[in-house]
Amino acid sequence: MDITALNEKIKNESAFIDLLMNEISKVIVGQKSMLERLVIGLLGNGHILLEGVPGLAKTLAIKTLAASMKAKFQRIQFTPDLLPADLIGTQIYNQKEGNFFIRKGPLFANFILADEINRAPAKVQSALLEAMQERQVTIGEQTFKLDDPFLVLATQNPIEQEGTYPLPEAQVDRFMLKVKITYPGRDEELNIMRNNLSGSYSLIQQVITPDDIKKGRNLVQEIYLDEKIERYILDIVFATRFPKDFKLERLVDLISYGASPRATINLNLAARSMAFIKRRGYVIPEDVRAVAFDVLRHRIAVTYEAEAEEITPEKIIQEILNAVEVP
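Residues numbered from 1 in each chain as written. Predicted model: local features only at pLDDT ≥ 70, side-chain atom pairs only at ≥ 80, totals over all residues. Heavy atoms only, no water.

For the rest of this paragraph, the subject is the pattern of salt bridges. Taken as a whole, this structure holds 20 salt bridges when the rule is applied. For the salt bridge of Asp115 with Arg75, the shortest nitrogen-to-oxygen distance reads 2.6 Å. Of the two residues, Asp115 sits in strand β5 (residues 111–115) while Arg75 sits in strand β2 (residues 73–77), which places them 40 residues apart along the sequence. Since its relative accessible area comes to 5%, Asp115 is described here as buried. One salt bridge connects Arg280 with Asp287, and the closest N-O pair in it is separated by 2.8 Å. Overall, the relative accessible area of 14% leaves Arg280 in the buried class. (Salt bridge = Lys/Arg side-chain N within 4 Å of Asp/Glu carboxyl O. Helix = DSSP H or I, 4+ residues; strand = E, 2+ residues; numbered from the N terminus. Buried < 20%, exposed > 50% of the residue type's maximum accessible area, 1.4 Å probe, protein only.)

Given below as structure tokens:
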């Protein structure tokens, strides 16, 4: 493989990413890491779970991303009384003609903002599960393919537990990334305050199309990933399952269960997507390390002992990254 030619090709073809990031940055001040992860989700065809306290522009970022593309956007506010039919649609009886017809729900769109996803009960979560994994919806006896691209961008509030339902592990595992959003810096918050009070936000233009995203996904598959980096990804994931093999005996009693094979696949995809965003035709170990926390934090279950010692999945991931040999 001619890496130089591939690198040049990716550099030229990834120009639309800069267009997209610049357009979103007209509204979102700072939060560069979050914006990069949203684009990784687009390129990797994976769903994203955003977690952060209220007021950190989670919903605004997703709405702005959708507005910058020529794509259909639907916002669903998750509440405890939500029903599966409110998401996927339902069969309605036509009294005049004496038959049933199907009214499709808001899931039939390109971007789904599942706002405060952990407020809905298990029935609603399971209805969303088929759409996330199979990219299809079943209403009655009929199955419908969902639009492409189809992306669920969910938000949840980590500090308010009243009236919330923990997401099932099977569903959490289907999110490609779980992104934790932190507070902006002083200068960034000053700009946020000034922009809000002056009403000086620019109108978002549609700068890319779904075809650009599909083309980007094909290019991401072409990005070169060396066998040494493949093995590095495997080492990181296997260290979450068998820490003893990597001289991490301390973690044995802290990890209840490790990352699934989806973690391996998504680490590979996310690292390629990160290289694409950085306009490189090849993956380096830093790409893997950059996305490791977002891919793994929701796939590692800690034990009661770890919770008692206030050891989070992030601390475990950091120990693993420090211990696993970098190629």
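What follows continues from the structure just given.
Further remarks concern the layout of surface pockets. In this model, the largest pocket occupies a volume close to 770 Å³. For the largest pocket, the lining is made up of 30 residues, of which Val172, Lys178, Arg297, His298 and Ile300 are closest to its centre. Where the lining of the largest pocket is concerned, the elements lending two or more residues are β1 (47–51), α7 (169–172), β9 (175–180), β11 (301–302) and α14 (313–323). Quantified by volume, the second largest pocket comes out at close to 240 Å³. Top contributing element to the lining of the second largest pocket by residue count: helix α8 (residues 186–198), with three residues. Considered class by class, the residues forming the lining of the second largest pocket number eleven nonpolar, three polar and one charged. (1 Å grid on protein atoms, 1.4 Å probe; cavity = no way out; pocket = protein on both sides within 12 Å on 5 of 7 lines; lining within 4 Å. Points joined across faces, edges and corners; volume = space filled by probe spheres on them. Nonpolar A, V, L, I, M, F, W, Y, C, P; charged D, E, K, R; others polar.)

Relative to each other, helix α12 (residues 285–296) and α14 sit at 145°, their axes nearing to 10 Å. The handedness of the crossing between α12 and α14 comes out as right-handed. Side by side, α12 and α14 meet where Arg289, Ala292, Phe293 and Leu296 of the first sit next to Glu314, Ile317, Gln318, Leu321 and Asn322 of the second. Classifying every residue of the contact of α12 with α14 gives five nonpolar, two polar and two charged. (Axes fitted to C-alpha atoms, helices over the stretch in contact; angles between N-to-C directions. Left-handed = near helix turned anticlockwise from the far one by under 90°. Contact = heavy atoms within 4.5 Å.)

What follows deals with helix α4 (residues 58–67). Across the ten residues that make up α4, a large majority, seven, are buried. Listed in full, the buried residues belonging to α4 are Lys58, Thr59, Ala61, Ile62, Thr64, Leu65 and Ala66. Each element contacted by the buried residues of α4 is listed here: α2 (15–24), α3 (32–44), β1, β2, β5 and β8 (151–156).

Right, let's get into the pairing of β5. Where burial is concerned, most of β5 is hidden: five out of the five residues are buried. Side chains Phe111, Leu113 and Asp115 project from β5 onto one buried face, and the interleaved Ile112 and Ala114 project onto a second face that is buried too. The pairing of β2 with β5 spans five bridges and is parallel. Each bridged residue has a counterpart across the sheet, and for Ile76 the counterpart in β5 is Ala114. (Pairing = 2+ DSSP bridges.)

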